[in-house]
Amino acid sequence: MQVEETELEGCYVITPRVFQDKRGEFFESFNQDKFEQLTGVNPNFVQDNQSISHKNVLRGLHFQIGDYAQAKLVRVISGSVLDVVVDIRPNSKTFGKYITLVLDDKTNKQLYIPRGMAHGFLSLEDNTIFSYKCDNYYNKASERGIIFNDESIGIDWNEDDASLIVSEKDLILPTLEEYFHEDSISHGR
């Protein structure tokens, strides 16, 4: 397995070693010991999730807060996505910055996303199967999000907004600025 740190601190691209022969291919999708040796991170994944999406489905940008914040290890089992991670850690030197990466079933790359990041993806093919491991359980009350087309972040999704298939819930998410303004009001800051 090869690990590369992205420009967002603690966010890693993982490329597995793939073994191919006349039968097909095999790769180790996760190994706790190797992951910890190469990243210094020791996640305890407790929940696996999977989605199947049509082409142009955009999911995100999502995260959980407080005791239910989640780190994730994401990958595509079939198809391809444009994966997006936004640093929403207020004290981070890359706060408000984002990275994009195409994840697909050809390279089998994965992305480790630490807690304190908003995450989303755009499905680039029909029947794309997206899988992610989480180091914390889903908690509806802790679920939050940032609108996918926040101009202050400026994510290039490589698609016209009109062609995107976005849930009603994701269409009404706040901007990054609105989220932090609302959060500070609700916490009396």
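See the structure printed just above.
Residues numbered from 1 in each chain as written. Predicted model: local features only at pLDDT ≥ 70, side-chain atom pairs only at ≥ 80, totals over all residues. Heavy atoms only, no water.

Participant: Explain helix α1 (residues 32–39) to me, please; I cannot follow it from the model alone.
Facilitator: What sets the pattern is the α-helix's 3.6 residues per turn: residues three or four places apart point alike. Where α1 begins, the capping side chain belongs to asparagine 31, and its oxygen is found 3.1 Å from the backbone nitrogen of aspartate 33. Glycine 40 lies just past α1 and shows a positive phi near 80°. (Polar contact = N/O pair within 3.5 Å; in protein donor to acceptor, adjacent residues only side chain to side chain. Helix = DSSP H or I, 4+ residues; strand = E, 2+ residues; numbered from the N terminus.)

Participant: Looking at this structure, how should I read the nonpolar core?
Facilitator: For soluble globular proteins, nonpolar side chains are generally found buried alongside one another. One finds Leu61, Val86 and Trp157 to be the most contacted residues of the largest nonpolar core, which totals 20 residues. Elements with a contribution of two residues or more to this core: β6 (57–64), β8 (80–87), β11 (117–123) and α3 (176–186). Not counting residues up to four positions away in its chain, the partners in contact with valine 86 are Leu61, Gly96, Lys97, Tyr98, Gly116, Met117, Ala118, Ile153 and Ile155. (Core = buried A, V, L, I, M, F, W, Y, C linked by side-chain atoms within 4.5 Å. Buried < 20%, exposed > 50% of the residue type's maximum accessible area, 1.4 Å probe, protein only. Contact = heavy atoms within 4.5 Å.)

Participant: Looking at this structure, I do not really get the pattern of salt bridges. What am I missing?
Facilitator: Opposite charge on two side chains permits pairing when their charged atoms draw close. In total, this model carries seven salt bridges according to the counting rule given. The residue arginine 89 makes a salt bridge to aspartate 87 at a minimum N-O spacing of 2.9 Å. The exposure class of arginine 89 is partly exposed, given its relative accessible area of 21%. Under the relative-accessibility criterion, aspartate 87 is labelled buried at 0%. With a closest N to O distance of 3.2 Å, aspartate 135 and arginine 115 form a salt bridge. Pair noted here: aspartate 135 is in the loop between β12 (128–134) and β13 (143–145) and arginine 115 is in the loop between β10 (110–113) and β11, with a separation of 20 residues, a long-range link. What makes aspartate 135 buried here is its relative accessible area of 15%. (Salt bridge = Lys/Arg side-chain N within 4 Å of Asp/Glu carboxyl O.)

Participant: What exactly am I supposed to notice about the environment of glutamate 9 here?
Facilitator: Tracing the backbone through its elements, the reader meets glutamate 9 in the loop between β1 (2–5) and β2 (12–15). In this structure glutamate 9 comes out as partly exposed when scored by relative accessible area, which is 47%. Residues glutamate 9 and aspartate 87, 78 residues apart in the sequence, show an inter-C-alpha distance of 8.8 Å. Every residue in contact with glutamate 9, bar those within four places of it in the chain, is listed here: Arg89, Lys93, Thr94, Pro114 and Met117.

Participant: Would you mind going over the packing of aromatic side chains with me for this structure?
Facilitator: Think of a pair of aromatic rings as described by two things: how far the centres are apart, and how the planes are tilted against each other in angle. All chains considered together, the criterion is met by ten aromatic pairs. Here the aromatic rings of tyrosine 12 and tyrosine 112 are separated by 6.5 Å at their centres, their planes lie at 35°, and the arrangement is tilted. Taken together, the residues tyrosine 12 in strand β2 and tyrosine 112 in strand β10 connect sequence positions 100 residues apart. Classification of tyrosine 112 as buried rests on a relative accessible area of 5%. With a centroid separation of 5.2 Å and 65° between ring planes, the pair formed by phenylalanine 35 and tyrosine 112 is classed as edge-to-face. Of the two residues, phenylalanine 35 sits in helix α1 while tyrosine 112 sits in strand β10, which places them 77 residues apart along the sequence. Take phenylalanine 35 and tyrosine 112: they sit in the same class, and that class is buried. (Phe/Tyr/Trp six-rings, centres within 6.5 Å; stacked < 30°, edge-to-face > 60°.)

Participant: Would you take a moment to explain the side chain of serine 123 for this structure?
Facilitator: Positionally, serine 123 belongs in strand β11. Look at serine 123 and you get buried, because its relative accessible area is 0%. In terms of polar contacts, serine 123 uses its side chain to reach the backbone carbonyl oxygen of glutamate 125, at 2.8 Å. Contacts of serine 123, omitting those with residues within four sequence positions, involve Ser53, His54, Lys55, Asn56, Val57, Ser80, Val81 and Thr128.

Participant: What exactly am I supposed to notice about unusual backbone geometry here?
Facilitator: Of all residues except glycine, most have a negative phi; of all peptide bonds, most are trans. Cis peptide bonds are those with omega within 30 degrees of zero, and the linkage from glycine 60 to leucine 61 qualifies with 10°. As for its position among the elements, leucine 61 is in strand β6. A positive phi is found at asparagine 56, a non-glycine position, where the angle reads about 75°. On the secondary structure map, asparagine 56 appears in the loop between β5 (47–53) and β6. Since its relative accessible area comes to 15%, asparagine 56 is described here as buried.

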